[in-house]
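# Coordinate analysis (summary)
Each chain, written out:
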Amino acid sequence: MRLMIAQTNPLWAEPAANLKALESLCRLAAEAKVDLLALPELAFTGYNIFERLDSLAEPADGLIVTEVAKLADKYNLHLLFGFAEQGADGEFSNSALLLDDNGQHLATYHKRHLWGRENEFFVAGKQSCVVDTRFGKLGLMICYDNEFPEVARELAQAGAEIILSPTANMLPNAERQVLQIRARAMDNQCFVACINRSGVEQTLHYCGNSIVAGPDGEVLGRLGLAAGTLIVDIDLACIDESRTHQDYLKDLRVLKDNHAFNGADL
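Quick look at the structure, then.

Parameters at a glance
Residues numbered from 1 in each chain as written. Predicted model: local features only at pLDDT ≥ 70, side-chain atom pairs only at ≥ 80, totals over all residues. Heavy atoms only, no water. Pairing = 2+ DSSP bridges. Helix = DSSP H or I, 4+ residues; strand = E, 2+ residues; numbered from the N terminus. Axes fitted to C-alpha atoms, helices over the stretch in contact; angles between N-to-C directions. Contact = heavy atoms within 4.5 Å. Expected span 1.5 Å × (residues − 1). Buried < 20%, exposed > 50% of the residue type's maximum accessible area, 1.4 Å probe, protein only. Arc of directions from axis to C-beta. Right-handed = clockwise from strand over helix to strand, strands pointing away.

### Observations concerning the sheet that holds strand 13 (residues 219–222)
Pairing is mixed in the open sheet, where six strands are placed in the order 6-7-8-9-12-13. Of all the strands in the sheet, just strand 6 (130–133) and strand 13 have a single pairing partner and so form its edges. Each strand of the sheet is rotated relative to its neighbour by a mean of 15°, with strand direction disregarded. Judged from the four bridges that link them, strand 6 and strand 7 (residues 136–140) form a sheet pairing that is antiparallel. Bridge pairing in strand 7 links Asp132 to Lys137. Contacting strand 9 (191–195), strand 12 (211–213) and strand 13, helix 6 (residues 174–188) runs over the sheet at an angle of about 25° to strand 12.

Written as structure tokens, this is what we have:
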């Protein structure tokens, strides 16, 4: 799979303008023969929108998703992006949505680990998300989920080969973020991509440093602080190669009732 990360600096609370800017990214991705274009958390509204969720959050069939789906179909791209979702019950979720290259919905993931003020406005997700595609099995998580090893482990145990995480992480966390993503990849011997954003919103200074890590924790690509794009070719054969030396998922021993037993006994 050829993956493009778009480390964007969206205009705050201007979804129409941010959607308009997406087309140039899609065109660039198509010219580079990219298979999947991934964007950050809350990619079209900005992150610090809590008091404006009533006007900026949308259902999964709202304007944002509809317009992005048109671009996915037009440019023959899978697209992953974060958005503020309003459910049928009126509750808000911090969501990531994956579309295929015909603009069809493949999966929606609701962020499980809410950070700071998110707890006041969003409902935490209750399920993990792994979706089978022609590029392999993709697992989804969002930002603060990166900091909990259990999330990536759960996705890997469910078969995820590539974990994608739309993110809106802030300074001074750039090196912390890189370390966490490399660790999530190495611990689970899979690919992990963090798609962070750049720029400033009020008092929030985003740290960029989007990264793709391979099954041995190696850095396959990394951006800096500024907005930009990164293209990485992902070869799933590297997972099997990594696991020939040691296979952490297979060899994991889980404690149950204070007795250790091999994962093969589950």
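### Some details on helix 3 (residues 63–75)
Helix length check: helix 3, at 13 residues, gives a terminal C-alpha distance of 18 Å against a target of 18 Å (1.5 Å per residue), a fit within 8%. Restricting attention to buried positions, one finds in helix 3 the residues Ile64, Val65, Val68, Ala69, Leu71, Ala72 and Tyr75. The arc enclosing the buried residues of helix 3, seen along the axis, measures out at 165°, which places them on a common side. Exposed and oriented more than 90 degrees from the buried face of helix 3 are Leu63 and Lys74. In this structure, the buried residues of helix 3 make contact with helix 1 (15–31), strand 3 (78–86) and strand 4 (92–99).

### Some details on the pairing of strand 9
Within a regular strand, side chains alternate between the sheet's two faces. Burial analysis of strand 9 places five of its five residues in the buried class, the great majority of the element. Because side chains alternate across strand 9, one face comprises the buried residues Phe191, Ala193 and Ile195, and the other comprises Val192 and Cys194, equally buried. Note on the crossover from strand 8 (residues 162–166) through helix 6 to strand 9: the handedness is right-handed. Taken together, the three bridges between strand 9 and strand 12 define a ladder with antiparallel strand orientation. Within strand 12, the position partnered with Ala193 by the bridge is Val212.

From the geometry alone we can't say anything about function, so treat these as descriptive.
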